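# A closer look at the structure
Letter by letter, the chains look like this.
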Amino acid sequence: MRAPRTLVAAVATALLLTGCAAAERGPDKDGVVHLRFQSLAWQKESVDINKQLVKEWNAAHPKVQIDYVQGSWDNVHDQLLTSFEGGEAPDIIHDASDDLADFSYGGHLADLTQLLPARLRADIPQQSWDTTTFDKKVYGVPFLQEPRVLMANEKLLKASGVRIPTPEQPWTWDEFRQITKRLTTDMGKGRYGVAWPLKEPVSATLNLGLSAGGQLFHQGDDGKTTIRFTDGDEVVPGTVHDQVNTDASASAATLGMGGSDTLPGFFGGKYAMVPLGFSYRQQIAQQAPEGFPWKVLPAPAGKAGLTQGVSPQTLSVAEDSPFKKEAVEFIDFFLEPDNMTRLAKGDWMLPTGREALKDPSLRTSKDGWATGTALAGHLRSAPAQAVRGYQEWKDKVATPAYQEYYSGAIDEAALRQRLEKDGNLVLARYQR
Amino acid sequence: MRAGRPARAGQYLALLAYLVFLAFPFLWLISTAFKSPRELGDLHPTWIPQDPGLDNFRQAFEEQPLLEAAGNSLIAALSAALIAVVVATPMAFVMARHRSRLTTAATGWVVVSQAFPFVLVIIPLFLILKNLHLINSLPGLIMVYVVWSLPFALWMLVGYVRAVPRELEEAAAVDGAGRLRTLVSVTAPLLMPGLIATALFAFITAWNEFFFALVLLKSPEKQTLPVILTHFIGAEGAADLGPLAAAAFLATLPSLVIFAIIQKRITGGMLAGAVKS
């Protein structure tokens, strides 16, 4: 009797595994639709505002209820991928635009082109929509973004007598290099004009490189993307390399650090400036010693002015969701100008919406808000985010190449060769 | 031959240095948990917080459901440890006592299975659990943890079983005990240190596991501690350091307490089978 018993068990298991597909989702017995919204908000103010907005929506829409799910930036790509493949993705998905390309090409995200209300469409400028548009279809609503700025110790800059830049009259990259040299001389031994936290060097380099006309990724007539390291691409990495290796005006020790790691040195007067994302202001406001004279300065400008690349935070809808219309209605509510302003303040970032950007609280000089707001019009889609194979190129080719170049282990010719030759081999595999 | 006094002093110094090295991250974690945000930004950090306070702990508890998450982790880890040991013990007994090509192949498979990366297995696993309606449930997660820790638990226990003299089991058989009775009454008590060491391994593996819990548990009230801890971390590695350290410190306590309680038995378990009698 053993064999039949085993057979029955095996068949039962197989049936269990294959035959219990989840039922099609629909309204519950009271006709209420439930949507899952996975938010990646993580700072207390931001989480509170997210939850409050969900509460307000639920109170006003008894037939469409949003279930708030707390997500995490850590491993969000793998977590979403698994959910998509398993047919269990949240209906409304918070992510960053540079993570959307693979999901949209993979058919996991809904095309929102026809679903977006005219108000929302018009409120967000085209350069922001470009960050979430692939194959002329919109796969997410960009709503928060942050430029890279220079966090500066105003006291040290004033003591040195250097010109303080403004968004209207920013430093050029050359001027920036000269100023960091001068600051280093004035500050004395063991102190530096600038600390570049370049643990993740690729996005910082490429995004700032747009200001100097860098592009790196070029699309040919055949639609294929190749990498070309032009003179424009050389300006930003060349400046950093020379500050570290020629002028000794940038700390070599911070090249392997993350942004937060450089803050104690910044507060302690070891570095006069640190290039960081706009939202780092929150950490500075919280952690800086009482009366610490910090100021937000625009990043240096090149021949393309203050232009720089960003990957905004986005809200998308899962292709599998049976409630796409309702999901977009919630997104529309969530991103009404007043709400977008609240979300931006909670995250210390800039809203993408034109109306939200007009809010006086985002134009105050306190905590550098006005400088950031002035940069909003210069923000463009990060150069590589729609390029297939970018992640592999970044991890296997670009990150080690830039790290070695910045530390002085290789020269510019070697950097160029690695980025172009090795990089194009990687991209070619994704474009066959 | 006895070591001279200078040699012994050197040994103690080396041991002390090693202990300091091992304890450094934990002590630094404790120190960080009690520091204020301003002190965390100090260029010259001190071991002892200058103005120690419980604000980070209060904030951590206010922002995240740490107690519920700890409860979930405890349920998942204890269940996984218990089930893994219960399932692995008879299997280990068979593999240790009945050598054949099958048991050799099984041992090989155990070694190979440890080399699979999480991301390779997560999607099929997710689909299976979905069909079993075990997504977003602690039983589903426990099942994964048991499966995940089982090979190594089995591998550990095989060694412990082999260290138990076969003659004892033969004597039990002569006295009329069946295989199950022999396993329960004769082998298992002798295996106790090994069982505890194996259970502790399975417990710590499950207690610290992050990725499966992240992917499989959707509802906030079901999430485990490692997942909740990542809620203090933002994009590009930005972190709310004080509350994160406070929460991480609390998360280490159960493991430490359990380890402290049963460390003597573990030491016995580690040494069991080291020397053939």
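Cut-offs applied
- Residues numbered from 1 in each chain as written.
- Chains lettered and ligands numbered in written order.
- Predicted model: local features only at pLDDT ≥ 70, side-chain atom pairs only at ≥ 80, totals over all residues.
- Heavy atoms only, no water.
- Buried < 20%, exposed > 50% of the residue type's maximum accessible area, 1.4 Å probe, protein only.
- Helix = DSSP H or I, 4+ residues; strand = E, 2+ residues; numbered from the N terminus.
- Pairing = 2+ DSSP bridges.
- Expected span 1.5 Å × (residues − 1).
- Contact = heavy atoms within 4.5 Å.
- 1 Å grid on protein atoms, 1.4 Å probe; cavity = no way out; pocket = protein on both sides within 12 Å on 5 of 7 lines; lining within 4 Å.
- Points joined across faces, edges and corners; volume = space filled by probe spheres on them.
- Nonpolar A, V, L, I, M, F, W, Y, C, P; charged D, E, K, R; others polar.

### Structural notes on the pairing of strand E11 (residues 271-277) of chain A
Residue and element names in this part refer to chain A.
- Counting buried positions along E11 gives seven out of seven residues, so the element sits mostly inside the fold.
- Of the strand pairs in this sheet, strand E7 (residues 148-153) and E11 are connected by five bridges, and their pairing is antiparallel. Of the residues in E11, the one forming a bridge with Leu-150 is Pro-275.
- As paired elements, strand E8 (residues 192-194) and E11 share two bridges and run parallel to each other. In the sheet register, Val-194 faces E11, and the bridge partner there is Met-273.

### Considerations on helix H2 (residues 44-60) of chain A
Residue and element names in this part refer to chain A.
- Given a rise of 1.5 Å per residue, 17 residues ought to cover 24 Å, and the 24 Å separating the end C-alpha atoms of H2 matches this to within 8%.
- For H2, every residue scored as buried is listed here: Ser-46, Val-47, Ile-49, Asn-50, Leu-53, Val-54, Trp-57 and Asn-58.
- Taken together, the buried residues of H2 touch strand E1 (33-39), strand E2 (64-70), helix H13 (324-334) and helix H14 (337-347).

### Focus on empty space enclosed by the protein
Residues and elements named next belong to chain A.
- Applying the stated criterion across every chain yields a total of four cavities of 30 Å³ or more.
- By volume, the largest cavity is sized at about 80 Å³.
- If you go around the largest cavity, you meet 13 residues; those closest to its centre are Thr-205, Leu-206, Gly-209, Gly-214 and Asp-233.
- Of all the secondary structure elements, the ones that give two or more residues to the lining of the largest cavity are helix H9 (201-209) and helix H10 (231-245).
- Tallying contributions element by element places H10 first for the lining of the largest cavity, with four residues.
- Split by residue class, the lining of the largest cavity holds seven nonpolar, five polar and one charged.
- By volume, the second largest cavity amounts to about 60 Å³.

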